[in-house]
Each structure stands twice: as structure tokens, then as C-alpha cells.
Amino acid sequence: MLVMIVLVPLVILQVTEISAQRRHSMDMEFNACQDYAEALSSAFINYLNGLWDTENAIAASITQTPLESPDQIETYLKEAQSSQPTVERYSWLNPDGIVIASTAGSSRGVSLEDRSYINRIKGGAEAVVSPIIKGRLGDGIIMPVARGIRKNGKLIGIIVAAVDVKKIGMVLPEYRDNKNSLFGILDGEGNAVYVNGKPDMTLGKRHLIQDSPGWAAIRGEATRINNWTSQFDGVVRMGMILPVKEIGWACFISTPQNDVVERSIYEAIRSTAILLIILICSIAAAISFGRRILQPVIKLKNSSDAIFRGDLSVRTNIEGTDELADAGKAFDQMAEQIQKLEISRQLFIRTSVHELKNPMTSIKAMTSLMKRKVNSQKPAEELIAIMDELEKEVGRLNGLLNEIAEAFRAQSGDVKLKSKLKRIDIMEVIQSVIKFFSMSDTGRSFNLVTGVSGPIWVEGDPERLGDVIRNLIGNALKYSPHGTDVEIGLKTLDNWALISVKDQGSGIPEAELEKIFESFYRSSSLNSGDPGGMGLGLYICKDIVVRHGGSVWAENNKDRGSTFYVKLPLNNIMKGE
Ligand code: ADP
């Protein structure tokens, strides 16, 4: 389809181009003919001038006083003829037109007085060229070129050069490139004086037919020949006929019409072939270029289809630096993000169903137990003990729900820190958390190890930072065996306060040391001894610490267990040392 869209206008364009080309070839041909005809005309006039000059020179020798003898004159004439190869014979005539001497000796005494050119000279003309005639000596067709010789205004003789028309081609320029061209000279009476390649035409054949365009040129009009069947060879021709104004003659040049048409057809075929080659190359280039563009687009489409079908693992992996590669990379990032969200959604559902189920089962079991005890009228102490347990489970449930709510708030960036953080002693915060745990019945001892005595000031929200430390100590208790100690550390390092919570528990697989801070992530190493949890505590801790401009991370201890670190910026105004 695309190819057609390109091809059709190109074909139309090419057809128009071909006809323009044809017109152009014709114009070029006419111009070339015009140039040649002009050259032909001036060459012929030069030639005649040369003949007349020679005649003048001969006359100067002959007319030395007194007039030379006929024999002597003949020598002069022969001498002149040797330098003019086109001249058949030179003759010297008396003023009446009788041949006195001639290079063709036999013509002495022949009268030429009836010749019109002789009469023109007698009438006063100085130099004349005659239309072609049949020579009086029976030696073929000649073109007489004559000059009247006068002394004190009186005609004393006439010199005549009889030019052999067959030889006139010697003095005309050859037409350049077309061997089929026809060119020549027309005399004032409408005879072809010379036609190239046709030396032997009879006088009758040489005479122009009635409607020939040559007549107009003889009358003085430059004429274009187009689609004209030449009378000399019957070929349809185009060309130019120009008047040779000086003598009232004409010259012509023409080319076979077919040659011009063929040339323009050849040109058209050549330009069409070039166009086709360019077209084929362009289409091939366009297809390969199109493929290069289409491939990433197809990849993008297929990938988005796959995501729509639920395969979130698909990626375009488009390489490169152009816009499509950028779009591919953006798509992959988006897919990555969607996959992460989907994983955490599934984790959330799985974990919350699992975690919430336990207290619910306990609550259900305890309420039915309570019902039975009430029915069997058991003492109030037993009921209160069950209600205490019930309260604990509801509290646990509440804690889990709070954690979920908190995590969602963190995820949506909606965690409330006191808008203006205040300068607080982090030591005091830690101590109050330790106090809380010491009072609870954990059966564990908590060592606070610190190299500093005074307060350590940080900028912060004491409640939220208390939550962080409570969570870390809570985890330390949760993930380490009974009877092991938990060591809490606090020190300053450059402009930072560094809190550590070290336990002697199972430690964390190295590959998961960062992952445990993601929402709903729970370590894969937890199995039968899993104390349960939503996998949200560390996620919330990280969120709070980061909001304080600090960082939190975990390391495994050299011996056993792990240590969690919290780094907070010290208050700049007054370091707590
Ligand atoms: P939860 O404790 O509710 O699972 P947390 O976000 O607090 O969620 O912890 C995420 C995971 O990190 C835990 O499930 C556990 O696998 C691991 N973890 C946290 N603290 C410790 C610790 N002190 N020792 C070993 N593993 C820990």
C-alpha cells in the first residue's frame, strides 16, 4: 500500500517529465540546427567572397595595358584555378559575353550573352553569383560566380568561375554529430545548389516542390521544419532553413524526426531506469528502517499485552538512546514497579490472613469456653482469667491492625511527625524504652552500653523515635532464644548519634539484610520457630528514621545473632557530650 502511495505520483511525475524531456529534445535540436545553419550561411558567403577576390586579382593581371593575348590570359586563369579546387573552369569574356579565353580551351568563342547573370553585370552589377545551370560545354551542373571588370566606368571584360556544384561540400562545415542530417544551399530560383550526400541529382530533382518551406526562406523568412517529408530522400525531418540574405538564397539543415524521438525515448528510458533504481533502493531502505522503528514498537505492544494478561515479569529490554529506547526503559521501570506492588499486595494478603487468623481462632475458642464456664456456673476467678487472655488476644489483634494502618500511612507518605521537631536527649528516650521492657515480664536482661554520661541531643520526635527503639528491642527479644541478653549501645560518631541493638539470636541471611526493611518482608529462614508478625515493623522504623535525616541497617554479629543500627544527626547547636 505504502509502495503504491509512493509509486503512483512518481509514475505521473515521470510521464510528465518524459513529455517535457521530449519537448526539450526538440528545442535543443532546433537550436542546434539554427546554429549550424548560421555557420553554413557565413561559410558559403565567405567562400563566394574568396572567389570574387580571386577574380579581382586575375583581372588586375589581365587588364595591364594593353590587354594581354588570349593565351597569356589563359595562363593567368589556370594559375588562379589551381588555388580554387571547387572551380571547374575560369573564363574571360569580352563585354558582350563572348568567351575570349578559358581554362577549358575549347570554349573560346562561345557566347554567354543570353545568361541572366551576364546581363546583370552588363546592367551594372559588380559581382554576381548565378543560380545553378547546366554548363554550356555539357559538363554537368555549375554555379557561375562572375565579376565585371571596368575601366573608367566602362565594362572591359567579365571573368567567370564555373563552380562544380558537386565540390561545394569541400568549403562547407560538416554537421557535427548526426550522420543522418541533410544540409545544403538553395539558390534564388529554388534549386538545391548543394545537398550533402546527393551530388548526382539532376536539375529537375534539385528544384524545390511547390509547397516546400524552402521558398519562404528564399523570400527572407527563417523557417522551422517540423514533420516535413524531405523531397530529397523521403525521410520525415525536422530542422531549420535560414535565408542567406546577402544573395537572396537560403541554407538548410534537418535531422530525421525519428532520431530526435528515439533520442528522447532513450533519455526517458534512462531517466526512468535511474528513477526505478533510486525508488527500489529507497523502498528497501524504508522497509529496513521501518523494521528498525517497528521492532521496538512491537516489543512495547507485546509487553503491554502480556502485562494486561497478568504476566508482570515481562520486560522490553530495548537497547539504545533514541526516544523509543527511552519509552522502552520507562515501560520496564513501570513494569518493575507494578510487579513490586503486586508482590507486596500478595504478601500483605497472605501475611495478614495468616496473622489475623491466629488471634481470631483464640478469641473464638475462648468465648465458647467462657460460655461453657458461665453455663456450668464456674467461679468468677476462672472467668476473669479467660477474659484476661481474651483481652491479650484482642490487644494483639489491635496491635497488628495498628501496624497495618501505620504501614499504609508510611507507604502513602502520610506519617505524622511533629511538624517542628524538637531538641531531645536520645539517651533519655532509650532509657525509658528499656525501663518499659524491664518492667514487662520478659525474663531477659537489657544492657545499655554507652561511653558517654551526659545527654545526647538530636532533633526529633521522641514518641516516634521511641517506637523505633521499642520495635528493634522487641524484635531482638522475638528472634533470640530465652535466657540470652540484649545489648543496647549508644555513642556519638562525628556529627552522628549511633544507636545499636544487639541480640544473640539466629541472625539474618546475608542476602536479606536489606530486604527485611521492605514492607511485608519476612525472612525466609523463619520456620517452625516463627514467632509470627506482619513484616511491617522494620519498614515503619526505616520510614521514621529516614524522616529524621538518619539511616537504619542490620549486620550479622561475628559469633551469633545480629545487630541493628540507627544513625541520627546530632543537634548542631549543642552536641550532647
Ligand atoms: P515482623 O517481625 O513482624 O516479621 P519486622 O519488619 O519487624 O516484621 O521484621 C522483618 C523480618 O526481619 C522478620 O520477619 C525477621 O525475619 C527479620 N528480623 C527482624 N529482626 C530480627 C532479629 N533481631 N533477628 C533476626 N531476624 C530479624
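Residues numbered from 1 in each chain as written. Predicted model: local features only at pLDDT ≥ 70, side-chain atom pairs only at ≥ 80, totals over all residues. Heavy atoms only, no water.

Engineer: Explain the packing of helix H7 (residues 323–375) against helix H8 (residues 380–411) to me, using residue names and the numbers behind them.
Structural biologist: One way to put it is that H7 packs onto H8 with a least axis distance of 10 Å and a crossing angle of 160 degrees. Between H7 and H8, the interaxial angle falls into the category roughly antiparallel. Judged by the sense of rotation from one axis to the other, the crossing of H7 with H8 is left-handed. (Axes fitted to C-alpha atoms, helices over the stretch in contact; angles between N-to-C directions. Helix = DSSP H or I, 4+ residues; strand = E, 2+ residues; numbered from the N terminus. Parallel < 35°, antiparallel > 145°, perpendicular 65-115°, else oblique. Left-handed = near helix turned anticlockwise from the far one by under 90°.)

Engineer: Got a sec to walk through the layout of surface pockets? Specific residues and values, please.
Structural biologist: In this approach the atoms are scanned with a rolling probe the size of a water molecule, which exposes any empty space left behind. A volume near 320 Å³ is recorded for the second largest pocket. What lines the second largest pocket is Gln337, Lys340, Leu341, Ile343, Ser344, Leu347, Gln411, Lys515, Glu518, Ser519, Tyr521 and Tyr539. It is H7 that provides the largest number of residues to the lining of the second largest pocket, a total of 6 residues. Here the lining of the second largest pocket is composed, by residue class, of 5 nonpolar, 4 polar and 3 charged. (1 Å grid on protein atoms, 1.4 Å probe; cavity = no way out; pocket = protein on both sides within 12 Å on 5 of 7 lines; lining within 4 Å. Points joined across faces, edges and corners; volume = space filled by probe spheres on them. Nonpolar A, V, L, I, M, F, W, Y, C, P; charged D, E, K, R; others polar.)

Engineer: So what's going on with the site of the ligand? Residues and values would help.
Structural biologist: Of all residues adjacent to the ligand, which total 20 residues, the nearest are Asn475, Tyr479, Asp503, Arg522 and Leu538. Ser523 has a polar backbone atom sitting 3.0 Å from an oxygen atom of the ligand. About the coverage of the ligand: the protein hides 98% of its 530 Å² of free accessible area. If you list the elements that add at least two residues to the shell around the ligand, you get helix H10 (462–478), helix H11 (537–547) and strand E18 (562–569). Per element, the largest residue contribution to the shell around the ligand is 3 residues, and it comes from H10. (Near = heavy atom within 4 Å. Polar contact = N/O pair within 3.5 Å; in protein donor to acceptor, adjacent residues only side chain to side chain. Areas by Shrake-Rupley, 256 points an atom, 1.4 Å probe, with all protein chains shown as cover.)

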